[in-house]
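# Understanding the architecture of this molecule
Spelled out from the first residue to the last, the chains are:
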Amino acid sequence: MRPCHLLVFPLLSGLLPVHAHAAASLLVDDAGTTPEQQCQLETWYRPPTHGAELTAVGACTTHGNEWSFGASHLRQAGSLPWSLGLKRTLRGTDHAALQIAVAASWADDLHQAGAGALSLQVPVTVRMPPAGRLQLHGVLGWHHARGARGPEFGAGAELQASPQWSLLLEQARDSTRARRTQAGLRRYMRNDASIDLLVGRNHHDRTDRWLTLGLNLPLAR
């Protein structure tokens with residue numbers, strides 16, 4: 001899971017009228033998990049272009065399994081989606097050249113009975129060089145929900161330009177075949193916390209553009 005984002009529970013492809021997987025404010029998850037016996041909190045806010053969105057997701061890892069729970073408030077849609085996720089890294093550590101994980105999540109909505117959705121994903125991360133400045137992320141998955149089922153995939157890149165800043169770029173296609181792109185900056189702070197600022201667009205809807213402000217916080221157990 002990316003360095004985290006709490007003020008804000010996870011975007012669920014198919015359930016929410018927006019643009020993310022259980023990875024948080026980013027479209028493409030990486031293959032890492034929260035360190036063993038530690039927790040993290042991911043939060044983000046999107047201003048009201050199509051209705052303000054406030055999301056937060058917390059995750060903890062025990063015995064190699066990362067458990068996460070999150071929820072969102074979508075003001076314009078009057079929607080309160082939530083999700084429960086499980087993720088495990090199968091190969092590699094956070095500093096390995098190649099890292100592979102498997103992830104599953106169940107999502108539903110408190111205001112929309114029967115809107116449950118199941119997602120299965122295989123995230124992959126490649127570091128160039130190992131533990132180097134450039135990280136390439138890819139994900140292949142299957143999403144099953146009422147009215148939207150099928151494969152989903154995406155690719156992203158993270159380039160650490162300096163000790164304080166990284167450049168982010170990614171594109172993903174969900175089970176409805178909608179293709180979305182995001183780009184932005186990550187600012188690293190003390191104690192592994194960070195702030196993300198991202199701009200994104202839906203290639204199938206010119207009016208569907210967004211700005212995301214994310215806060216990533218590690219939590220001690």
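Structure's up top.
What counts and how
- Residues numbered from 1 in each chain as written.
- Predicted model: local features only at pLDDT ≥ 70, side-chain atom pairs only at ≥ 80, totals over all residues.
- Heavy atoms only, no water.
- Helix = DSSP H or I, 4+ residues; strand = E, 2+ residues; numbered from the N terminus.
- Buried < 20%, exposed > 50% of the residue type's maximum accessible area, 1.4 Å probe, protein only.
- Areas by Shrake-Rupley, 256 points an atom, 1.4 Å probe, with all protein chains shown as cover.
- Contact = heavy atoms within 4.5 Å.
- Polar contact = N/O pair within 3.5 Å; in protein donor to acceptor, adjacent residues only side chain to side chain.

### Side note on the overall build of the protein chain
- Looking only at helices and strands, the protein chain has zero helices and 12 strands in total.
- The order of helices and strands in the protein chain, counted from the N terminus, is β-β-β-β-β-β-β-β-β-β-β-β.
- In the protein chain, which comprises 221 residues, the share counted as buried stands at 47%.
- Put simply, the protein chain shows about 10,700 Å² of open surface, and 63% of that area lies on carbon and sulfur atoms.

### A closer look at unusual backbone geometry
- Cis rather than trans, the peptide bond between Met128 and Pro129 has omega equal to -15 degrees.
- Here Pro129 lies in the loop between β6 (117-128) and β7 (134-145).
- A positive phi angle is found at His63, which is not glycine, with a value near 55 degrees.
- Relative to the helices and strands, His63 is located in the loop between β2 (53-62) and β3 (65-74).

### Some words on the environment of His203
- Examined against the element boundaries, His203 turns out to sit in the loop between β11 (194-202) and β12 (205-219).
- For the pair His203 and Arg180, spaced 23 residues apart in sequence, the C-alpha to C-alpha distance is 5.9 Å.
- Aside from chain neighbours lying at most four places away, what touches His203 is Gln171, Arg179, Arg180 and Thr181.
- Within the structure, the side chain of His203 is placed 3.4 Å from the side chain of Arg201, a separation counted as a polar contact.

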